[in-house]
Amino acid sequence: MKLIRTATEPAPTQKKDSTGSAIDRRTFLKRSGITLGGAAAAAALSPTMMRKAQAAIPSGGDGTQTIRTVCTHCSVGCGINAEVNNGVWVGQEPAFDHPFNLGAHCAKGASVREHGHGERRLKYPTKLVGGKWVRVSWDEAINEIGDQMLQIRQQSGPDSVYWLGSAKFNNEQSYMFRKFYALWGSNNGDHQARICHSTTVAGVANTWGYGAMTNSYNDIHNSQAMLIIGGNPAEAHPVSLIHLMRAKERNNAPLIVIDPRFTRTAAHADLYLKIRPGTDVAITWGMMWHIFQNGWEDKEFIHQRVWGMDEIRKEVANWTPDVTYDVTGVREELVYQAAKMMADNRPSTFIWCMGGTQHTIGNNNTRAYCNFQLMKIIFLLKN
Ligand code: SF4
């Protein structure tokens, strides 16, 4: 697909939309404006249904306002009080009344203002011409992209474009993005989690019927044991670790970390299992071997709610401590301890992340994690 129009190609001025009616770039943009205007009119006409958002909190004699926003560096979504003076984001504080970060911030969050003011931030459009990036005006960039997109749309239809949103989108940006490609005439939009957690979605959906996490930070607070495999929240989602530490402090919940690397998260663990990369299924079957062997599974729950556990049991029977050690490199006593910790401390939480999903066998990994949970040794999931 060609994205840049050559100088000899005329800019298309009149195109057909998905319904076959003529539409040009300006009409397309104008209709977007009409849509927004329509929403504003609706807000004016039905005050009980829609109200103007009031995010700004006036403060300070120098005109500085405190505006609540969120850190978009990671999925924790910590609350930030941004200090804005004359339209410029001049300072920030972590929000103490935010339920996720409770006044905490990690180094990434502390630097989030750099998104707007960093020296290396791209401040204007650039175009690759003859191998060099040259500055172009906003009008030029928007016109060229709009022309090319409409050309693609005319030649190949609205579904020829894939709209991929960013994990850094906030709610409002996601909403606008969704509206934009709906206006374009397609449903071909998605979030980048389709890539990083696609194996989770498929693995969990094919096991439980719905592919998403089932727990929350509140569930983690109430956990009596926690197991993290292929995840490193101490570095990837630093503030989330506070919530795990709370379960550790309040409930004396042991933390088990399974990872090929001794990470900063592993440094907080009560038990650390160093597996060979890619042996997630083997270590999970190895723990389940001890659970079945000792009768720690919830037989009533399995009898009433789980279909196919007999097949799993047959497979797990192959994963004796010797076989598990050969494949994973983890000694029997450590595998036994991990299984027993989870069995002795219920309910507990099971957390995985990219270390489990980013494999060609990522689906297998996530399904194995779910099967572990279906023994009702645990009933919570965080991904
Ligand atoms: S944990 Fe750090 S990076 Fe993630 S949202 Fe909070 S402050 Fe931002």
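You'll find the structure just up there.
Peer 1: Please clarify how the overall build of the protein chain should be interpreted in this entry.
Peer 2: Along the backbone of the protein chain there are 17 helices and 15 strands. Per-residue burial for the protein chain yields a buried fraction of 27% across its 383 residues. In the protein chain, the share of contacts with a sequence separation of at least 24, taken over all contacts with a separation of at least 6, comes to 63%.

Peer 1: Please clarify how the environment of M375 should be interpreted in this entry.
Peer 2: Here M375 shows up in the loop between helix 17 (362-373) and strand 15 (380-382). When the C-alpha atoms of M375 and D298 are compared, they prove to be 5.8 Å apart, with 77 residues separating the residues in sequence. In contact with M375, not counting residues within four places along its chain, are M288, I291, E297, D298 and I302.

Peer 1: Can you help me understand the packing of helix 11 (residues 280-293) against helix 14 (residues 321-328) in this one?
Peer 2: Axes are the key here: two packed helices are described by the angle between their axes and the distance separating the axes. In contact at an axis separation of 9 Å, helix 11 and helix 14 are set at 160 degrees when each is read in the N-to-C sense. One way to sum up the angle between helix 11 and helix 14 is to call them roughly antiparallel. Helix-helix and strand crossings are classified by hand; for helix 11 and helix 14 the assignment is left-handed. Contact residues: A282, I283, G286 and W289 in helix 11; T324, V327 and T328 in helix 14. Among the residues making up the contact of helix 11 with helix 14, the classes are represented as four nonpolar, three polar and no charged.

Peer 1: Help me understand helix 11 in this model?
Peer 2: If you check helix 11, its first and last C-alpha atoms are 20 Å apart, about what 14 residues at 1.5 Å a residue would give, namely 20 Å. Every buried residue of helix 11 is listed here: D280, V281, A282, I283, T284, W285, G286, M287, M288, W289, H290 and I291. Residue G295 follows helix 11 closely and has a positive phi angle near 65 degrees.

Procedures and definitions
- Residues numbered from 1 in each chain as written.
- Predicted model: local features only at pLDDT ≥ 70, side-chain atom pairs only at ≥ 80, totals over all residues.
- Helix = DSSP H or I, 4+ residues; strand = E, 2+ residues; numbered from the N terminus.
- Buried ≥ 20, exposed ≤ 12 C-beta atoms within 10 Å, placed from the backbone.
- Contact = placed C-beta atoms within 7 Å.
- Axes fitted to C-alpha atoms, helices over the stretch in contact; angles between N-to-C directions.
- Parallel < 35°, antiparallel > 145°, perpendicular 65-115°, else oblique.
- Left-handed = near helix turned anticlockwise from the far one by under 90°.
- Nonpolar A, V, L, I, M, F, W, Y, C, P; charged D, E, K, R; others polar.
- Expected span 1.5 Å × (residues − 1).

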